[in-house]
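# Understanding the architecture of this molecule
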Amino acid sequence: MGDVVRKTIRPFRALRFLGRKPHTVRIPHEQHNDIEGEPLPTGRYRGIHVNDWDLCISCGLCAMACPCDAIEMIEVEGEGGKKRPEVSYGRCCFCGFCEDACPKKCMHLTSNHTMLDTDPRPFVFLPTPGIREFEKEYVVQTSKLCLVEERDGKKVVVQGKPRPRKQ
Amino acid sequence: MGDDFRTTKIIFGPQHPGIHGNFAFRLELEGDIVRRARVVPGYLHRAFEKLMEQRTWMQNVALVPRICVPDPDVNEAAYSMAIEEIMGLEVPRRADHIRTVVLELSRIASHLMGLGGMGGAIGLYTLPMWTNGERDYILDLFEQLTGGRVYHIYTWPGGVRWDMPDNWPRKVNKVLDHIERQLPSYWSLFFESKVTDARMVGLAPYDPDWAIAHGVTGPNLRATGVKYDIRKDDPYAAYEDLDFEIPTRKSGDGMARALVRWDEVGQSIRIIRQALEQMPSGPYRAKTPPPLAFTVPPGDALARIESSKGEYNYYVVSKGGKYPHRVHVRGPSFTHGIDVLEQLLRGYEISDTALITATLDVCPPDIDR
């Protein structure tokens, strides 16, 4: 008798799941939080690069440390012959070794991780501090990234801010 | 159709929803029964061992976790342990304890995914939804500790890359409490189900002698009653100081393999709690040359590690200088996924193919490597 009652009641235990919140987070409409309700990602997250040109000494260690050959040091017009790192997101594996190798700690991986564009060119860009403007947004606007193109043998900035704003 | 018009040849995978990753089977069927099975690997071949010879010692740390996607930390730890042995580096105790916590969290995540895969293979689709939901909490923890959700690139020669955030141990304990609260529902959903009994008891059994002769390791070997675990037999990291048991089962069938994994989740929770409690203070990494000038003296070393799938071995040879001379990886899925699987599938129905693969917890990136 007890077994019959137990078996009859058992399926109704599923009702307790009706009141629970789903695991799925509707990004970007909802904030992704951890088990204590703190927002993610945190500062340690390895996302899109930012580089402070005021501190950068053009040493090229980030390009040497990169396991994927994603960083190329290029000479940009108007920088007095100094070379700046250009990151290709087709190659980057987000290991953060460039950040570790940087002697001035100007190269940094932010918590932004999503870039959307129909044009493939913005996925190879010059990291500048301007990317910090997007830190609160979910998608990085590729139209505002700093892009460089080669014209008449010289690398020329064709999009975005050629000089980063001072912070 | 075969030559005798009695057998049918089909290709099962790599896009079949029942297959566990990017590999395939060529099955020869007689009706529903598999008469001959051939594994078709190669979809994920990236020549890791050759790539490692062309990258510096430190750059390889970003490469090795890709050898096993659900349980990546064992690769970083084994590679680092081999280098530390050649260099004679003393790893700080705190780093050993952090490594233990990371490795065990990774084991829980991998086992939850594996149990979910078994549930999916027998048609209990609620189980993979639930287990992957809990696994996500563990990925959140990894994100806060290492900055990456799947590939952590956190353990490296000499210790770990960063120290734990202050509130991280508290969060780990909360996640473990949460998983422990959920486990009884998983038990009643999966192991008390009549479908599970009918499909998994007596499925593809093997005995200890056969398993050892075929190079079966890890939970798949312990399911036959052999108490062999590198964490106890050849301790690494902080396992020597911690108190835990090695779960075994006798029958060696699909159910035994699932139950061993189930018990290991409980043991891993126990290990993590102890490791966090006994966490020593001090440095989290030994003094090593900077990554760009990292050189290893000539020599060779073998590191062994117990992953959630079985035994991982890394054999590293150095001839001095910035690059490894040779790195050989011995992964458990190569044996489980090719020879063992081909022999076990014979005589079972085609519907059991996905389930037997799931109970062996085969990891295709490790087969191809």
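Check the entry above for the structure.
Each value, and the rule that gives it
Residues numbered from 1 in each chain as written. Chains lettered and ligands numbered in written order. Predicted model: local features only at pLDDT ≥ 70, side-chain atom pairs only at ≥ 80, totals over all residues. Helix = DSSP H or I, 4+ residues; strand = E, 2+ residues; numbered from the N terminus. Rg over C-alpha atoms; globule rule 2.2 N^0.38 Å. Contact = placed C-beta atoms within 7 Å. Buried ≥ 20, exposed ≤ 12 C-beta atoms within 10 Å, placed from the backbone. Pairing = 2+ DSSP bridges. Axes fitted to C-alpha atoms, helices over the stretch in contact; angles between N-to-C directions. Parallel < 35°, antiparallel > 145°, perpendicular 65-115°, else oblique. Left-handed = near helix turned anticlockwise from the far one by under 90°. Nonpolar A, V, L, I, M, F, W, Y, C, P; charged D, E, K, R; others polar. Core = buried A, V, L, I, M, F, W, Y, C linked by C-beta atoms within 7 Å.

## What about the overall build of chain A?
- Secondary structure assignment for chain A yields three helices and nine strands.
- Starting at the N terminus and ending at the C terminus, chain A contains elements arranged as α-β-α-β-β-α-β-β-β-β-β-β.
- A globule of 167 residues ought to have a C-alpha radius of gyration of about 15 Å, yet chain A, at 23 Å, is considerably larger.
- For chain A, the spread of C-alpha atoms along the principal axes amounts to about 90 × 30 × 30 Å.
- Relative to all contacts within chain A whose residues are 6 or more apart in sequence, the contacts with residues 24 or more apart total 60%.

## Brief notes about the overall build of chain B
- Each helix and strand in chain B was counted, giving 13 helices and eight strands.
- Against the globule reference of 21 Å for 369 residues, chain B gives a C-alpha radius of gyration of 21 Å, in line with a compact fold.
- Looking at chain B as a whole, 50% of its 369 residues qualify as buried.
- In chain B, of all internal contacts separated by at least 6 residues, the share reaching a separation of at least 24 is 70%.

## What about the sheet that holds strand β1 (residues 8–12) of chain B?
Residues and elements named next belong to chain B.
- Strand order in the open sheet formed by three strands is β1-β2-β3, and the pairing between neighbours is antiparallel. What marks the edges here is a single partner per strand, and that holds for β1 and β3 (33–40). Strand-to-strand twist of the sheet, defined as the mean angle between neighbouring strand axes without regard to direction, takes the value 20°.
- Pairing analysis gives five bridges linking β1 to strand β2 (residues 24–30), with the strands arranged antiparallel.

## Quick look at the packing of helix α3 (residues 93–121) of chain B against helix α4 (residues 126–146) of chain B
Residues and elements named next belong to chain B.
- Between α3 and α4, whose axes approach to 8 Å, the crossing angle comes to 165°. Classified by the interaxial angle, the pair formed by α3 and α4 is roughly antiparallel. Every pair of crossing elements has a handedness; the one defined by α3 and α4 is left-handed. Two secondary-structure elements touch here, α3 through Leu105, Ile108, Ala109, Leu112, Met113, Leu115, Gly116, Gly117, Gly119 and Gly120 and α4 through Leu127, Pro128, Thr131, Asn132, Glu134, Arg135, Ile138 and Leu141.
- Grouping the constituent residues of the contact of α3 with α4 by class yields 10 nonpolar, six polar and two charged.

## Here's the deal with the nonpolar core
- Counting 122 residues, the largest nonpolar core has Cys62 and Cys98 of chain A together with Ala78 and Tyr314 of chain B as its most contacted members.
- Among the elements that make up this core, the one with the highest residue count is α3 of chain B (13 residues).
- If near-sequence neighbours (up to four positions away) are discounted, Tyr314 of chain B is found in contact with Ala78, Tyr79, Ala82, Ala303, Val327 and Val329 of chain B.

## Describing the sheet that holds strand β3 (residues 83–88) of chain A
- One open sheet accounts for three strands, arranged β2-β3-β6 (chain A); its pairing is antiparallel. The sheet is open, and its two borders are formed by β2 (71–75) and β6 (124–125) of chain A, each paired with just one other strand.

## A look at the interface of chain B and chain A
- Taken together, the contact pairs 19 residues of chain B with 21 residues of chain A.
- Of all the secondary structure elements, the ones that give two or more residues to the side of chain B that touches chain A are α4 and α5 (168–191) of chain B.
- Among the elements that take part in the side of chain B that touches chain A, α4 of chain B stands out by supplying six residues, more than any other.
- A per-class count over the side of chain B that touches chain A returns seven nonpolar, six polar and six charged.

## Some points on the pairing of strand β9 (residues 154–159) of chain A
All names here are of chain A.
- In the sheet, strand β8 (residues 147–151) pairs with β9 via five bridges, with the strands oriented antiparallel. If you follow Glu149 over to β9, its bridge partner there is Val156.
- Joining the antiparallel neighbours β8 and β9 is a turn of two residues, in which Asp152 adopts a positive phi near 55°.

## With respect to unusual backbone geometry
- That bond from Leu40 of chain A to Pro41 of chain A is cis: its omega, -5°, falls within 30 degrees of zero.
- Tracing the backbone shows Pro41 of chain A in the loop between α1 (2–9) and β1 (49–51).
- Although it is not a glycine, Lys105 of chain A adopts a positive phi angle of roughly 55°.
- Mapped onto the secondary structure, Lys105 of chain A falls in the loop between α3 (97–101) and β4 (107–109).
- Despite not being glycine, Ala204 of chain B has its phi angle at roughly 45°, a positive value.

## Focus: the environment of Gly130 of chain A
Residues and elements named next belong to chain A.
- Tracing the chain through its elements places Gly130 in the loop between β6 and β7 (139–141).
- For Gly130, a count of 17 C-beta atoms within 10 Å gives the class partly exposed.
- Along the primary structure Gly130 and Asp52 are separated by 78 residues, whereas in three dimensions their C-alpha atoms are 9.1 Å apart.

Spatial relationships are all this shows, so hold off on functional conclusions.
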